[in-house]
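Each chain is listed here by its residues.
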Number of protein chains: 2
Amino acid sequence: MAEGFTSVETCLEKHIPVQELKEVKRILYGRELETLSFSEEALNVANKYNFELKGFKITAGQEHLTPPRIVRIGVIQNSIVEDTSAPVDEQRNALHQRISTLTEGAYLCGVNILCYQEAWNMPFAFCTREKQPWCEFAEDVKFGPTSLLCQELAKKYNMYIVSPILERDEVHGDTLWNTAAVFSNRGCYLGKSRKNHIPRVGDFNESTYYMEGDTGHTVFSTQYGRIAINICYGRHHPQNWMMYGVNGAEIVFNPSATVGGLSEPMWGIEARNAAIANSYFTCAINRVGTETFPNEFTSADGKPAHKDFGHFYGSSYVAAPDGSRTPGLSRNRDGLLVTEVDLNLCRQVKDRWGFRMTQRLDMYASSLSEAVKPDYIPSVVRDEIHLLDHPYLHEAVEHLPSALKKSENWLTTKPLTEEEHQSPPLIS
Amino acid sequence: MAEGFTSVETCLEKHIPVQELKEVKRILYGRELETLSFSEEALNVANKYNFELKGFKITAGQEHLTPPRIVRIGVIQNSIVEDTSAPVDEQRNALHQRISTLTEGAYLCGVNILCYQEAWNMPFAFCTREKQPWCEFAEDVKFGPTSLLCQELAKKYNMYIVSPILERDEVHGDTLWNTAAVFSNRGCYLGKSRKNHIPRVGDFNESTYYMEGDTGHTVFSTQYGRIAINICYGRHHPQNWMMYGVNGAEIVFNPSATVGGLSEPMWGIEARNAAIANSYFTCAINRVGTETFPNEFTSADGKPAHKDFGHFYGSSYVAAPDGSRTPGLSRNRDGLLVTEVDLNLCRQVKDRWGFRMTQRLDMYASSLSEAVKPDYIPSVVRDEIHLLDHPYLHEAVEHLPSALKKSENWLTTKPLTEEEHQSPPLIS
């Protein structure tokens, strides 16, 4: 990677002349956003504790009847603090300390709703497939030490906090879950939202640890608007995003943990597409840094066993329903992104684009209900001349009577060779 | 706009140093794609007839049992040829001529499946709201002059052709539809796919002319793989994309007509997100140029009446299931983009990422079926302290007995003022 490369946006700003930059940014990031300025105290904390601090404002149009519904949304990305071989409580306490500091920073920036990254109370150890000691990081979603800390912080700073952790549900068979807990600005536990879609890709062996969430698509109605949480891999599933919208969400957080080699070109696409399709704000939050584990593990990619998980590339950002987005936080530093939004924009975009009225959900409710039946027959028009388009049939042909094999139909199913491509077919 | 600005990609190539450019392109466009080289004859045609010609190759991994399934996909973007005040047949004939030339170009580049832009047989006149003469461009999807031309071209060039036109269905009440016809490489009409979602945004007064499509999510099984067509505004609807995937599509064309002021920041997002979410290839095709009409019309934007539709920004591209995409064609020239893909990539990405197995369609079939009922109650957890979060309630408070008004609960529902934001709340 190019040295000192911190983000695409920084690189564009550095090299592209101002007139063209304007055009590039319009096409890639949507309308230009005003930056927020923060108090010296806030800047000092960011400086002293070495985290990036960025702020943007996403405005809406003035209305006659509804006053602006201004909210400051905070998202935090951070690296782990202690070595992964340290005792579990030391690792967790160090993260508690770090997050408390960053949360104070958010408070000094006037944040009303704050969300941390996925499983923030631990290293993302699921690559190891070891159950010990990692399962020890799991805690009760309401009374565990991490949740108690969040309640304290939420109350102290008068701030809603979304806290995604590894959950232990003792009441229901000691089960583990990937869960976000929501706390009100009075320090009350409001409820939880479990990760709906569990990855089995690359080093993300999460299905080894916990199951698909059973909390549906709950929306939390707060003083500052209606929020929901779509955890990590759920961002690849448009239906998941959709249901939070159907239930009325205005801001959907996507606390994640994902690495450069796997997903980086998708990162700017998915949460932003969801904001557009559902006319709400989305907040894509990723871990940052490289996590190294005590024992070596393999990655099912033919490469030798190793001890690190690859680079969590940060790049957290907020996307708006009108298709615009903030620049991202850095690829390699802890950071706090503060975005002041006017929630009226959600309804205004609905009125303008009409996606919620033109989306024909009744048709999809009925087609999906058909499609999930085991005997569903897809709606396919076949070009009769080329009936046999399944690749396995090329093999089957080998075992057919030769008379049949000579029939043109069998042969036309072969893909063209490189040569056939280069010489154009005959004109009849 | 910056003068001579033809595309984001050209601008990045021009200004960003090679090492950093590599990183920017990896993050914004995914893996690097080999370019295709074409015969001198092909280049000459492009040169002589003044259209941009670009070619890329999207490879897949080698497999033991399935040979590569190589297909060359062509997409064409073009401006109208004649003045919009010319007689309808002259305008149409000139477009027929232009498209025949571009199709010959595609043939010379070895294209197997070719798709034209939305309503390519006419100017995009729906901004005018006039029925005459524009409805005269509508034709029978099988036997109209445009479809007859396509049959001829498809047969002549041994190429599947997707031809999106304004359709007149004489058999069913002379109704109009926005429809794509599909022709086999033997020149046979295979069937049609109608636009499922109709816009009512900006100057896109299409609901004035035709209704939501009734052909569902048909997939066409061709010699070169399974294709489907999601016309224009349907790209904003993830459920629409999804159903083509459920029916087995491997390539989904998105023939469009959209202008800079409205949608440009969304253009690179939506078709690409669909490719990722559904593990298939998508081809986003846009018109190019500015179309001016004989009579002035207004755009419901407070601005004076005018005669043009704004700039169709071209920028057609192909996106792959692994999150990568080709660069786009130019923002201001006619063009042909040829993309050679190996369709095995669809299944390989399904195996790798598992989106089709982890998408829990049964859950969404059931939640959607509930959600579309008129008495559906969204799943919302309310912060009891701030029950009244609807903005209209601020108005209602005015009319309440003053004793009730003083109750804290009414007041905490107000959004924070600018001042309150700047001075952090008290620490309790």
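Residues numbered from 1 in each chain as written. Chains lettered and ligands numbered in written order. Predicted model: local features only at pLDDT ≥ 70, side-chain atom pairs only at ≥ 80, totals over all residues. Heavy atoms only, no water.

Looking at an unreviewed UniProt entry, one finds chain A named Beta-ureidopropionase, with Petrolisthes cinctipes as its source organism. What UniProt records for chain A under Pathway (unreviewed entry) is the sentence "Amino-acid biosynthesis; beta-alanine biosynthesis." (UniProt positions renumbered as here; feature names shortened; annotations may be inferred.)

Asker: Looking at this structure, I do not really get the interface of chain B and chain A. What am I missing?
Answerer: How big an interface is tends to be expressed through the accessible area that disappears when the partners come together. Residue-level contacts link 121 residues of chain B with 122 residues of chain A. For the chain B and chain A pair, buried surface summed over both sides reaches about 11400 Å², with 61% attributable to carbon and sulfur atoms. Here chain B is connected to chain A by four salt bridges. Two residues, A:Lys14 and B:Glu20, come together in a salt bridge whose shortest N-O distance is 3.6 Å. (Contact = heavy atoms within 4.5 Å. Buried area = accessible area lost by both parts, 1.4 Å probe. Salt bridge = Lys/Arg side-chain N within 4 Å of Asp/Glu carboxyl O.)

Asker: Where do I start with empty space enclosed by the protein in this structure?
Answerer: Applying the stated criterion across every chain, the model contains eight cavities of 30 Å³ or more. There is about 550 Å³ of room inside the largest cavity. Every residue lining the largest cavity is counted, 36 residues in all, and those nearest its centre are A:Leu28, A:Ile269, A:Arg272, B:Leu28 and B:Arg272. Residue classes in the lining of the largest cavity are distributed as 18 nonpolar, eight polar and ten charged. (1 Å grid on protein atoms, 1.4 Å probe; cavity = no way out; pocket = protein on both sides within 12 Å on 5 of 7 lines; lining within 4 Å. Points joined across faces, edges and corners; volume = space filled by probe spheres on them. Nonpolar A, V, L, I, M, F, W, Y, C, P; charged D, E, K, R; others polar.)

Asker: Any chance you could explain the packing of aromatic side chains here in plain terms?
Answerer: Each aromatic ring pair is specified by the distance between its two centres and by the angle formed by the two planes. All names here are of chain A. Applying the stated criterion across every chain yields a total of 38 aromatic pairs over all chains. Look at tryptophan 267 and tyrosine 313: their rings are 5.8 Å apart centre to centre, the planes differ by 85°, and that puts the pair in the edge-to-face class. Of this pair, tryptophan 267 sits in helix α7 (residues 260–278) while tyrosine 313 is found in strand β13 (residues 306–313), placing the two residues 46 residues apart along the sequence. With respect to class, tryptophan 267 is no different from tyrosine 313; both count as buried. Feature note: the residues Phe124, Phe126, Phe204, Tyr209, Tyr210, Phe309 and Phe312 constitute an aromatic cluster, connected by ring pairs. (Phe/Tyr/Trp six-rings, centres within 6.5 Å; stacked < 30°, edge-to-face > 60°. Helix = DSSP H or I, 4+ residues; strand = E, 2+ residues; numbered from the N terminus. Buried < 20%, exposed > 50% of the residue type's maximum accessible area, 1.4 Å probe, protein only.)

Asker: What exactly am I supposed to notice about the layout of surface pockets here?
Answerer: Empty space among the atoms becomes apparent when a probe as large as a water molecule is rolled across them. Looking at the largest pocket, its volume works out to about 1100 Å³. A:Gly261, B:Arg26, B:Gly30, B:Arg31 and B:Glu32 are, among the 41 residues lining the largest pocket, the residues nearest its centre. Elements with a minimum of two residues in the lining of the largest pocket: α7 and β13 of chain A together with α1 (8–15), α2 (18–29) and β2 (52–58) of chain B. With eight residues, the top contributor of residues to the lining of the largest pocket is α2(B). Taken together, the residues of the lining of the largest pocket sort by class into 14 nonpolar, eleven polar and 16 charged.

Asker: Any chance you could explain the packing of helix α6 (residues 238–246) of chain A against helix α6 (residues 238–246) of chain B here in plain terms?
Answerer: The description of two helices packed together rests on the angle between their axes and the distance between the axes. α6(B) packs onto α6(A) with a crossing angle of 145° between their chain directions and a minimal axis gap of 10 Å. In this structure, the crossing between α6(A) and α6(B) has a hand that is left-handed. Listed contacts from α6(B) to A:Pro238, A:Gln239 and A:Met242 of α6(A) are B:Pro238, B:Gln239 and B:Met242. In terms of residue class, the contact of α6(A) with α6(B) is built from four nonpolar, two polar and no charged. (Axes fitted to C-alpha atoms, helices over the stretch in contact; angles between N-to-C directions. Left-handed = near helix turned anticlockwise from the far one by under 90°.)

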